[in-house]
Amino acid sequence: MDWPKSERDVSTARKRALTLLDGGGLRCVWSDKRLTPDTLAMDHCLPFAVWPCDDLWNLLPVHREVNGKKSDRLPLTAMLRNRQ
């Protein structure tokens, strides 16, 4: 099976998240850390390596460090339970 998309594009989601940062209320969906323009990353909930989808439903605002630790893996059960 060939995927038509090979490059990630999170620009639309990132722009929207940056507008929400102005109020200071945007937090990481996985760690609850406060986000700033420097720490903001967009996480593919279903990893791009598994499902190459940049649709907004699959992109979540996260802290850059948390995103690096999650990498190309599905969210751990513990992550999901902690954020219910």
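Q: Please provide a residue-by-residue account of helix 1 (residues 11-21), values included.
A: All of the buried residues in helix 1 are Ala13, Ala17 and Leu21. In an axial view of helix 1, the angular spread of the buried residues amounts to 85°, which keeps them on one side of the axis. Seen from the open side of helix 1, the exposed residues pointing more than 90 degrees away from its buried face are Thr12, Lys15 and Arg16. At its buried positions, helix 1 is contacted by strand 1 (40-44) and strand 2 (59-63).

Q: Can you lay out the pattern of salt bridges for me, pointing to particular residues and giving the numbers?
A: In this structure the tally under the stated criterion is 4 salt bridges. Between aspartate 32 and arginine 27 there is a salt bridge whose closest N-O contact spans 3.1 Å.

Q: A description of unusual backbone geometry should follow, citing residues and the corresponding values.
A: Within the chain, aspartate 32 stands out as a residue other than glycine whose phi angle is a positive 70°. Inspection of the secondary structure puts aspartate 32 in the loop between helix 1 and strand 1. Judged by relative accessible area, aspartate 32 falls into the partly exposed class, the value being 31%. For serine 71, which is not glycine, the phi torsion reads 55° and is therefore positive. Structurally, the position occupied by serine 71 is in the loop between helix 2 (64-70) and helix 3 (77-82).

Q: Go over the environment of threonine 12, please, and point to the residues and values.
A: Along the chain, the position of threonine 12 falls in helix 1. A relative accessible area of 54% places threonine 12 in the exposed class. As for threonine 12 and aspartate 38, which are separated by 26 residues in sequence, their C-alpha atoms are 17 Å apart.

Q: Mind laying out the environment of leucine 18, listing which residues take part and the relevant values?
A: Here leucine 18 shows up in helix 1. Between the alpha carbons of leucine 18 and methionine 79 there is a distance of 24 Å; along the sequence they are 61 residues apart. Residues within four places of leucine 18 in sequence aside, it is in contact with Pro37 and Leu40.

Thresholds applied
Here the residue index of a chain counts from 1 through its sequence in written order. Predicted model: local features are reported for residues with pLDDT of at least 70 only, side-chain atom pairs are reported and counted for 80 or more only, and whole-chain, interface and lining totals are derived from all residues. As a rule here, side-chain values cover all heavy atoms of the structure and leave hydrogens and water aside. Relative accessible area decides the class of each residue, using a 1.4 Å probe on protein chains only: under 20% of the type maximum gives buried, over 50% gives exposed, and in between gives partly exposed. Secondary structure elements follow DSSP: runs of H or I of four or more residues count as helices, runs of E of two or more count as strands, with numbering from the N terminus. Throughout, the arc means that of the directions going from the helix axis to the C-beta atoms. For this analysis, residues touch if any pair of their heavy atoms sits within 4.5 Å. By salt bridge we mean one thing: a side-chain nitrogen of Lys or Arg within 4 Å of a carboxyl oxygen of Asp or Glu.

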